[in-house]
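# Reading the structure
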Amino acid sequence: MRVRFVTESVVTLDGFQAIMKPGEHGHVAQAIINDEALQGRVEEDAENKIQWVSTKAKDPNRTKRNKLPWKPVEEGFLYKFSWNEDDDQPVIYDSEGTTITDKSLPLYEGSQVKLAFRLKPYCITGNTLGVKLMLEALQVISVKAKAGIDAGDMGDKELSEVFGKTKGFKYEQPNVTPSVDDEDDDF
């Protein structure tokens, strides 16, 4: 039975991306997902699918499992999706649901998206079991290109949240410190 998972909140693309155009080894999308409830459902579905596909193995008592296509990272879990031209292609949408077909769209690390995906079980060489992440659709919320971020119609408040908070300059409380280079030098 197919189970579709959808990220309810926006996730960030991380690492190498080859979404619109294939790279050397096909298409790749990597995203950090920080949703414990979703992660629990994904892990449960993975276990069910691996148990099911183990019944298809040549010798179910001698099977081994491949690594799962996600790994824990500091911010949540890094999911890695990959596909070739022969596979079903994910549909790419903009924030209003319009299909994007422009292969030159620069979806790089840092772009913000929502994902719809499923797990596909496999059994290779008769006894190696696993699941593969199959990206079904991707909704682009903001594009981070090499030259900057296109936030679309995000307002000032949403744009300010892109950066988060850090120590440093505060507009309403300037804290000017003289530079060491401000000494009077006579030449």
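Provided above is the structure to which this section pertains.
As a starting point, this report considers the structure included with it. (Residues numbered from 1 in each chain as written. Predicted model: local features only at pLDDT ≥ 70, side-chain atom pairs only at ≥ 80, totals over all residues. Heavy atoms only, no water.)

Glancing now at helix H1 (residues 36–54). Spanning 19 residues, H1 covers 27 Å between terminal C-alpha atoms, matching the ideal 27 Å at 1.5 Å per step. The set of residues buried in H1 consists of Leu38, Gln39, Val42, Asp45, Ala46, Lys49, Ile50, Val53 and Ser54. All buried residues of H1 lie within an arc of 165° about the axis, which places them on one face of the element. Counted as exposed and oriented over 90 degrees from the buried face of H1: Glu36 and Glu44. (Helix = DSSP H or I, 4+ residues; strand = E, 2+ residues; numbered from the N terminus. Expected span 1.5 Å × (residues − 1). Buried < 20%, exposed > 50% of the residue type's maximum accessible area, 1.4 Å probe, protein only. Arc of directions from axis to C-beta.)

Next up on the list: the packing of aromatic side chains. The final tally for this structure, using the stated rule, is five aromatic pairs. On the numbers, 5.4 Å between centres and 65° between planes, the contact of Phe81 with Phe117 is edge-to-face. You can see Phe81 sitting in strand S7 (residues 76–83) and its partner Phe117 sitting in strand S9 (residues 112–124), a full 36 residues away along the chain. Across the pair, exposure class does not vary: Phe81 and Phe117 are buried alike. Here the aromatic cluster, defined as three or more aromatic residues joined through ring pairs, consists of Phe5, Trp70, Tyr79, Phe81 and Phe117. (Phe/Tyr/Trp six-rings, centres within 6.5 Å; stacked < 30°, edge-to-face > 60°.)

Right, let's talk about the pairing of strand S4 (residues 26–33) for a bit. In terms of residue burial, S4 counts as a mostly covered element, since eight of its eight residues are buried. Relative to S4, strand S2 (residues 11–13) is paired through two bridges, and the arrangement is antiparallel. Within S4, the position partnered with Thr12 by the bridge is Ile32. Of the strand pairs in this sheet, strand S3 (residues 18–23) and S4 are connected by two bridges, and their pairing is antiparallel. Bridge pairing in S4 places Gly23 opposite Gly26. Linking two consecutive strands that pair antiparallel, namely S3 and S4, is a turn of two residues. Of the strand pairs in this sheet, S4 and S7 are connected by seven bridges, and their pairing is antiparallel. (Pairing = 2+ DSSP bridges.)

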